[in-house]
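Close look at the chain arrangement
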Amino acid sequence: LYDNGVMRGWQARYVGELPWKNKDKVDRLPPKYYTCPRMKRAKLIGNFDNAAKYRTMVMVEGWFDVFATGPWAGCIFGNFTSTFQRRLLIDTAQARGQSVVFMLDPEEFESESSKVAIEHFERELPGRFAPVALPRGTDPGSLGRDFLLDYITAEAGRLGVPVTFEKLD
């Protein structure tokens, strides 16, 4: 994980799927992700150096969502955005005239932390922020890039937010 060209840490994922969302079993399972000790996830956005080069930045939950979405995607390491992450996105988008898409797993849009983040982004980036919920039962990492880009463009357009996956000049 790099920030301004400097390596700040790393993250590894368990290979395979286990029932991590099952509250009765989660205590007996290996962790889904192993993060570099002392890495401050709340002070980082994965792939931000690349995502910030595009007219639209798409924030997603995890690394595989970034890989599926494209170089304009940034990883927030879960469904929660810290004050630092929100400020970094807002300041960057305002300075460069970018739009921001917040694309989490569908069920995450119901969480209180997501609602707070969405309200904050809508207030700070009027007309340039789009919360995009994927269809129920889907995950960005399991969908093809063409589908994701078409879906993001259509959903953001429905909200009046311009989206383009071109590099900034």
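What comes next is a walk through the structure. Everything numeric in this text was worked out from a predicted model, so none of it was measured. (Residues numbered from 1 in each chain as written. Predicted model: local features only at pLDDT ≥ 70, side-chain atom pairs only at ≥ 80, totals over all residues. Heavy atoms only, no water.)

**Notes on the side chain of Arg86**
Here Arg86 shows up in helix α3 (residues 83–96). In contact with Arg86, not counting residues within four places along its chain, are Thr81, Ala117, His120 and Phe121. (Helix = DSSP H or I, 4+ residues; strand = E, 2+ residues; numbered from the N terminus. Contact = heavy atoms within 4.5 Å.)

**Thoughts on the pattern of salt bridges**
For the structure shown, the criterion picks out nine salt bridges. With its nearest N and O atoms 3.6 Å apart, the salt bridge here joins Arg87 to Glu124. Residue Arg87 is found in helix α3, and its partner Glu124 is found in helix α4 (residues 112–124); the two are separated by 37 residues along the sequence. Given a relative accessible area of 32%, Arg87 falls into the partly exposed group. (Salt bridge = Lys/Arg side-chain N within 4 Å of Asp/Glu carboxyl O. Buried < 20%, exposed > 50% of the residue type's maximum accessible area, 1.4 Å probe, protein only.)

**Observations concerning the packing of aromatic side chains**
Taken as a whole, this structure holds twelve aromatic pairs when the rule is applied. For the ring pair Phe64 and Phe67, a centre distance of 5.6 Å and an interplane angle of 85° mean the geometry is edge-to-face. A residue pair is termed a helical-turn pair when its members lie 3 or 4 positions apart in one helix, as Phe64 and Phe67 do in helix α2 (residues 63–69) at three residues. Judged by centre distance (6.4 Å) and plane angle (90°), the ring pair of Phe102 and Phe109 falls under edge-to-face. Residue Phe109 is classed as buried on the basis of its relative accessible area, which comes to 14%. Of the aromatic side chains, those joined through ring pairs into one cluster are Trp63, Phe64, Phe67 and Phe77. The ring of Tyr33 carries the charged tip of Arg13 above its face, separated from the ring centre by 5.9 Å. (Phe/Tyr/Trp six-rings, centres within 6.5 Å; stacked < 30°, edge-to-face > 60°. Lys NZ or Arg CZ within 6 Å of the ring centre and 35° of its normal.)

**Some remarks on empty space enclosed by the protein**
Following the criterion strictly, the structure yields one cavity of 30 Å³ or more and no others. Considered as a void within the structure, the largest cavity measures approximately 30 Å³ in volume. Taken together, the residues that form the lining of the largest cavity break down as five nonpolar, no polar and two charged. (1 Å grid on protein atoms, 1.4 Å probe; cavity = no way out; pocket = protein on both sides within 12 Å on 5 of 7 lines; lining within 4 Å. Points joined across faces, edges and corners; volume = space filled by probe spheres on them. Nonpolar A, V, L, I, M, F, W, Y, C, P; charged D, E, K, R; others polar.)

**Focus on unusual backbone geometry**
In this structure, Asn4 is a non-glycine residue whose phi angle is positive, near 55°. Turning to its location among the elements, Asn4 is positioned in the loop between β1 (2–3) and β2 (6–7). The phi torsion at Phe77 lies on the positive side, around 65°, for a residue other than glycine.

**Some remarks on the environment of Tyr2**
Tracing the backbone through its elements, the reader meets Tyr2 in strand β1. Counting along the chain gives 47 residues from Tyr2 to Asp49, while the straight-line C-alpha distance between them is 7.6 Å. Beyond its immediate chain neighbours, meaning those up to four positions away, Tyr2 contacts Met7, Arg8 and Asp49.

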